[in-house]
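What the coordinates show
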Amino acid sequence: MKNILFLLISLFFILSPVLSNASLIEEKKCSVCHRLSKIEVAKIGPDLFYAGNKFQPTWLLQYLQNPLTLRKAGTGFNPGFLKGEFNNSHPVLSKKDAIQISQELMTMIFPNMPDETSNLKALSKGQIAKTKYEFERTFSCISCHQSLNLAGKPRGGISGPSLIDAGNRLQASWVAHWLKNPKMFSEENRMPIYKMDDETRLRFTQFIMALKKENVR
Ligand code: HEC
Ligand code: HEC
């Protein structure tokens, strides 16, 4: 009996930090605007149930303390989408809460996402120019996404999220999966499915990962 009691008490102390950690996202009611699992209905904020695959932890920690507008026209699901100014008065977290919540978010992982990007060779100048041409002309990604031209000037449409700082914000492996099939994460999102061969898709991934706000001229 004593042994069981001892076991229960130890278990409580081992588990309690885990249990209290798991609750800050709930406590802050992030799920009012964000899906925290795939089975929920679409919400006005972007999905977070695969945050651990999608974001770079440093970026996430900054964003939660100092949120910036990435979707000038709003997300696809907010009622005023494309109809006018999108007012993103996002909750701002203290550093302490941001650390805890970003740790919680980084544990939210989508299954079966092997990394195809770990052994890629850096793009040559020629490949960068080719990809930029395809990004703008062949696939017209630029019509929905802000990006940088070769002179480092921001340009592009606003109906999709800005990619200007994608290289500091997103994980390469996630981008490669997103370009293969964005609908694997949600049926409802407005990003078109492209039939890209793997060479093009991985080249696009590297091109996107080279977009960084430090390169804005
Ligand atoms: C009132 C609705 C609302 C609430 C509550 C809310 N968010 Fe958001 N969140 C949004 C919207 C809308 C965006 C997209 C803003 C943009 O891209 O300009 C966003 C963006 C984000 C992003 C960036 C996602 C991406 O793909 O770019 C993260 C991370 C995030 N929110 C985390 C949180 C966390 C954690 C909480 C709880 C503390 C929270 N949000 C509460 C509406 C909300
Ligand atoms: C018709 C508009 C449209 C076009 C064209 C388009 N996208 Fe998108 N894209 C979107 C939207 C909308 C999202 C956000 C979807 C969501 O979160 O539900 C998105 C998301 C993304 C993301 C993830 C960014 C993030 O922060 O969530 C990447 C990367 C991306 N697109 C790359 C591309 C590339 C590369 C092309 C061209 C091959 C392209 N897109 C063409 C609309 C578009």
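The structure contained in this document is the topic of the report that follows. Computed from a predicted structure; not experimentally measured.

Thoughts on the site of ligand 1
In the vicinity of ligand 1 there are 22 residues, among which Cys-30, Cys-33, Gly-45, Leu-70 and Arg-71 approach most closely. Element by element, the count of residues in the shell around ligand 1 is highest for helix 4 (residues 57-65), at three residues. For the shell around ligand 1, the per-class residue count stands at 14 nonpolar, six polar and two charged.

Brief notes about helix 9 (residues 198-209)
Taking 1.5 Å per residue, twelve residues should reach 16 Å; helix 9 reaches 16 Å between its end C-alpha atoms and fits that length. For helix 9, the complete set of buried residues consists of Leu-202, Phe-204, Thr-205, Gln-206, Phe-207, Ile-208 and Met-209. The elements touched by buried residues of helix 9 are helix 6 (125-138), helix 7 (166-169) and helix 8 (172-180).

Focus: helix 8
Residues of helix 8 that are buried include every one of Trp-174, Val-175, Ala-176, His-177, Trp-178 and Leu-179, and no others. Against the buried residues of helix 8 lie helix 3 (51-54) and helix 9.

Some points on the environment of Arg-169
With respect to the element layout, Arg-169 can be found in helix 7. Judged by local crowding, Arg-169 falls into the buried class, with 23 C-beta atoms found within 10 Å. In contact with Arg-169, other than residues within four places in its own chain, are Phe-55, Gln-56 and Trp-59.

Focus: the packing of helix 8 against helix 9
Between helix 8 and helix 9, whose axes approach to 9 Å, the crossing angle comes to 130 degrees. Between helix 8 and helix 9, the interaxial angle falls into the category oblique. In this structure, helix 8 crosses over helix 9, and the sense of that crossing is right-handed. Mapping the contact onto sequence places Ala-172, Val-175, Ala-176, Leu-179 and Lys-180 in helix 8 and Arg-201, Leu-202, Phe-204, Thr-205, Ile-208 and Met-209 in helix 9. Split by residue class, the contact of helix 8 with helix 9 holds eight nonpolar, one polar and two charged.

A word on the site of ligand 2
The full set close to ligand 2 counts 21 residues, and Cys-141, Cys-144, Gly-160, Asn-189 and Met-191 are the nearest of them. For the shell around ligand 2, the secondary structure elements donating two or more residues are helix 8 and helix 9. Ranked by residue count, the leading element in the shell around ligand 2 is helix 8, at three residues. Tallied by class, residues from the shell around ligand 2 come to 13 nonpolar, seven polar and one charged.

Details of the nonpolar core
Of all hydrophobic cores here, the largest spans 30 residues; its most connected members are Ala-166, Val-175, Ile-208 and Leu-211. Of all the elements in the fold, those that place two or more residues in this core are helix 4, helix 5 (95-106), helix 8 and helix 9. Structurally, this core is a two-domain feature, drawing no fewer than three residues from each of domain 1 (23-105) and domain 2 (125-215). When neighbours within four sequence positions are excluded, Ala-166 is seen to be in contact with Ile-208, Met-209 and Leu-211.

Examining unusual backbone geometry
With a phi angle near 55 degrees, Asn-112 is a residue other than glycine that sits in the positive phi range. Positionally, Asn-112 belongs in the loop between helix 5 and helix 6. By the C-beta count within 10 Å, which is 6 here, Asn-112 ends up exposed.

Basis of the calculations
- Residues numbered from 1 in each chain as written.
- Chains lettered and ligands numbered in written order.
- Predicted model: local features only at pLDDT ≥ 70, side-chain atom pairs only at ≥ 80, totals over all residues.
- Near = placed C-beta within 6 Å.
- Helix = DSSP H or I, 4+ residues; strand = E, 2+ residues; numbered from the N terminus.
- Nonpolar A, V, L, I, M, F, W, Y, C, P; charged D, E, K, R; others polar.
- Expected span 1.5 Å × (residues − 1).
- Buried ≥ 20, exposed ≤ 12 C-beta atoms within 10 Å, placed from the backbone.
- Contact = placed C-beta atoms within 7 Å.
- Axes fitted to C-alpha atoms, helices over the stretch in contact; angles between N-to-C directions.
- Parallel < 35°, antiparallel > 145°, perpendicular 65-115°, else oblique.
- Left-handed = near helix turned anticlockwise from the far one by under 90°.
- Core = buried A, V, L, I, M, F, W, Y, C linked by C-beta atoms within 7 Å.
- Domains from an automatic or database assignment.

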